[in-house]
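Architecture at a glance
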Amino acid sequence: MIEKIWFQRHWMSYLLWPLLWPLSVLFAAVSRSRRHRYQRGLKPSYKAPVPVIVVGNITAGGNGKTPVVVWLVETLQALGYTPGVVSRGYGAKAPSYPLVVDAQTPAAHCGDEPKLIHQRTGAPVAVDPIRANAVKALLTQAIDVVITDDGLQHYALERDIEFVVIDGVRRFGNEQMIPLGPLREPIARLKEVDFIMTNGGVAQDGEIAMRLQPERAVNLVTGEKVSVSELTNLVAWAGIGHPPRFFNTLEQLGATPVVTHGFADHKEFDVSELRVLASRGDHVIMTEKDAVKCTGFAENNWWYLPVSAEIAAEDKQCILETIKEVMEQYGSPSA
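Residues numbered from 1 in each chain as written. Predicted model: local features only at pLDDT ≥ 70, side-chain atom pairs only at ≥ 80, totals over all residues. Heavy atoms only, no water.

The protein chain has the name Tetraacyldisaccharide 4'-kinase in an unreviewed UniProt entry, where Vibrio furnissii is given as its organism. The UniProt entry for the protein chain carries the following text under Function (unreviewed entry): "Transfers the gamma-phosphate of ATP to the 4'-position of a tetraacyldisaccharide 1-phosphate intermediate (termed DS-1-P) to form tetraacyldisaccharide 1,4'-bis-phosphate (lipid IVA)." (UniProt positions renumbered as here; feature names shortened; annotations may be inferred.)

Following this line, the structure appears as structure tokens:
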């Protein structure tokens with residue numbers, strides 16, 4: 001229901017407006033006051049000895065931040081840099097913090113997104129609710145640049161470059177602050193960030209067009225790769241911020257799922273529930289983010305669909321020039 005109120009002008013939004021609007025005003029005031037206190041030095045913030053790049057958004061929910069983080073990591077690695085990634089680790093609980101992710105770290109401890117990033121890139125990833133502590137843990141790994149997966153509003157960590165990722169189709173919904181709308185910060189905040197990346201839809205002036213390019217489906221058990229259109233009688237599920245985006249991608253690839261099921265973002269899966277869903281078809285397909293939580297109990301007919309962020313060459317060059325300028329200010333060498 002909240003999605004319909006925020007993004008579809010559902011009639012319930014008018015009914016709930018008198019209740020939600022005062023809360024939205026209060027949220028905006030608290031958010032603005034908190035940020036100003038950090039800006040004025042009234043609240044302490046941590047400045048790392050290496051550049052910090054934040055990839056976040058101003059709306060609640062998933063917009064495609066993690067593929068952008070992966071793209072940045074892989075791009076910087078190709079240039080000879082050694083990036084590390086920090087994350088809050090949403091939906092997970094570690095035995096202790098900070099937690100540096102390795103191949104044996106369960107997603108239940110680090111979170112699905114940190115696990116995915118480490119598996120895809122091999123980069124050091126540290127998880128801590130206090131991101132400054134995660135950065136300090138990474139500094140023992142000989143990294144020369146930090147990328148934060150989310151954390152645009154985490155002003156206790158100073159940053160050098162800010163990326164905002166927006167959903168090019170849903171954009172900012174009703175353009176109201178939480179809980180009346182999806183905004184974590186006002187739209188005016190976009191004037192202050194370095195790059196606005198628009199996932200799908202039509203990029204507007206000042207925005208960088210990005211699309212998520214799907215690859216071949218990968219079997220969770222065997223690693224075999226096939227075209228999604230080859231998977232018949234398909235059951236699809238997605239535990240991401242906006243599951244319909246995944247289901248639409250499958251249709252664009254020629255798949256016709258007989259069952260689609262959306263879960264809450266970062267949901268801890270119930271194995272028995274998944275097996276019941278899986279029994280309704282011959283094959284299962286999920287997102288890569290879901291797959292990192294299912295590897296321990298996946299069956300031979302379970303697949304996931306990797307996606308990669310793609311942007312135009314001229315936009316990539318602009319981004320890299322900005323990053324290189326910042327890296328040079330810190331004296332961080334590239335190969």
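Next comes the rest of the description.
So, on to the overall build of the protein chain. A tally of helices and strands in the protein chain yields ten helices and 15 strands. Dimensions of the protein chain, computed from C-alpha atoms along their principal axes, come out at roughly 60 × 55 × 45 Å. The buried share of the protein chain, taken over its 335 residues, is 53%. Of the contacts formed within the protein chain by residues at least 6 apart in sequence, a portion of 73% connects residues at least 24 apart. For the protein chain, the exposed surface amounts to about 15300 Å²; the carbon and sulfur share of it is 52%. In the protein chain, 33 positive and 37 negative side-chain charges are present, and the distance between their average locations comes to 7 Å. (Helix = DSSP H or I, 4+ residues; strand = E, 2+ residues; numbered from the N terminus. Buried < 20%, exposed > 50% of the residue type's maximum accessible area, 1.4 Å probe, protein only. Contact = heavy atoms within 4.5 Å. Areas by Shrake-Rupley, 256 points an atom, 1.4 Å probe, with all protein chains shown as cover. Lys, Arg positive; Asp, Glu negative; His and termini not counted. Charge placed at Lys NZ, Arg CZ, Asp CG, Glu CD.)

Take the sheet that holds strand 4 (residues 125-127) next. The strands making up a sheet associate through backbone hydrogen bonding, with each pair oriented either parallel or antiparallel. The strand order across the open sheet built from nine strands is 3-4-2-5-1-6-7-8-15, with neighbouring strands paired in mixed fashion. The open sheet has two edge strands with one neighbour each: strand 3 (99-100) and strand 15 (307-311). Relative to strand 15, strand 8 (residues 208-214) is paired through five bridges, and the arrangement is antiparallel. Residue pairing for strand 15: M210 is matched across the bridge by I311. (Pairing = 2+ DSSP bridges.)

This brings us to the sheet that holds strand 14 (residues 302-305). Here six strands make up an open sheet; going across it, the order is 10-9-14-13-11-12 and the pairing mixed. With partners counted over all chains shown, the strands left at the sheet margins are strand 10 (225-226) and strand 12 (259-262), one partner each. Its contacts with the sheet place helix 8 (residues 271-278) against strand 11 (234-238), strand 12, strand 13 (283-287) and strand 14, and it is angled at close to 145 degrees to strand 11. (Axes fitted to C-alpha atoms, helices over the stretch in contact; angles between N-to-C directions.)

This part covers the packing of aromatic side chains. Under the counting rule described, the total for this entry stands at five aromatic pairs. A ring pair is formed by F263 and F269, whose centres lie 5.2 Å apart and whose planes are at 65 degrees; its orientation type is edge-to-face. Here F263 falls in the buried class, since its relative accessible area comes to 7%. Note on F269: relative accessible area 11%, which makes it buried. Seen from the ring of Y46, K136 lies directly overhead, with NZ or CZ sitting 4.9 Å from the centre. A cation over a ring is seen here: K293 above F269, with NZ or CZ 4.4 Å from the ring centre. (Phe/Tyr/Trp six-rings, centres within 6.5 Å; stacked < 30°, edge-to-face > 60°. Lys NZ or Arg CZ within 6 Å of the ring centre and 35° of its normal.)

The subject of this paragraph is the UniProt feature "binding site: ATP" (unreviewed entry) in the protein chain. Per the UniProt record, the feature "binding site: ATP" (unreviewed entry) sits at T59, A60, G61, G62, N63, G64, K65 and T66. Along the chain, G61 falls in the loop between strand 1 (52-56) and helix 3 (65-78). Residue classification places G61 among the partly exposed residues on the basis of a relative accessible area of 30%. By the secondary structure assignment, T66 is in helix 3.

So, about the domain arrangement of the protein chain. Domain parsing of the protein chain yields domain 1 (39-211 + 310-330) and domain 2 (216-305). Distance from the C-alpha centre of domain 1 to the C-alpha centre of domain 2: 26 Å. Taken together, the contact pairs 14 residues of domain 1 with eight residues of domain 2. Along the contact surface separating domain 1 from domain 2 lie four salt bridges. E288 is paired through a salt bridge with R120; the nearest N and O atoms lie 2.6 Å apart. Where domain 1 touches domain 2, the interface holds six residue pairs in polar contact (both at pLDDT 80 or more). Residues belonging to the side of domain 1 that touches domain 2 are distributed by class as follows: three nonpolar, five polar and six charged. (Domains from an automatic or database assignment. Salt bridge = Lys/Arg side-chain N within 4 Å of Asp/Glu carboxyl O. Polar contact = N/O pair within 3.5 Å; in protein donor to acceptor, adjacent residues only side chain to side chain. Nonpolar A, V, L, I, M, F, W, Y, C, P; charged D, E, K, R; others polar.)

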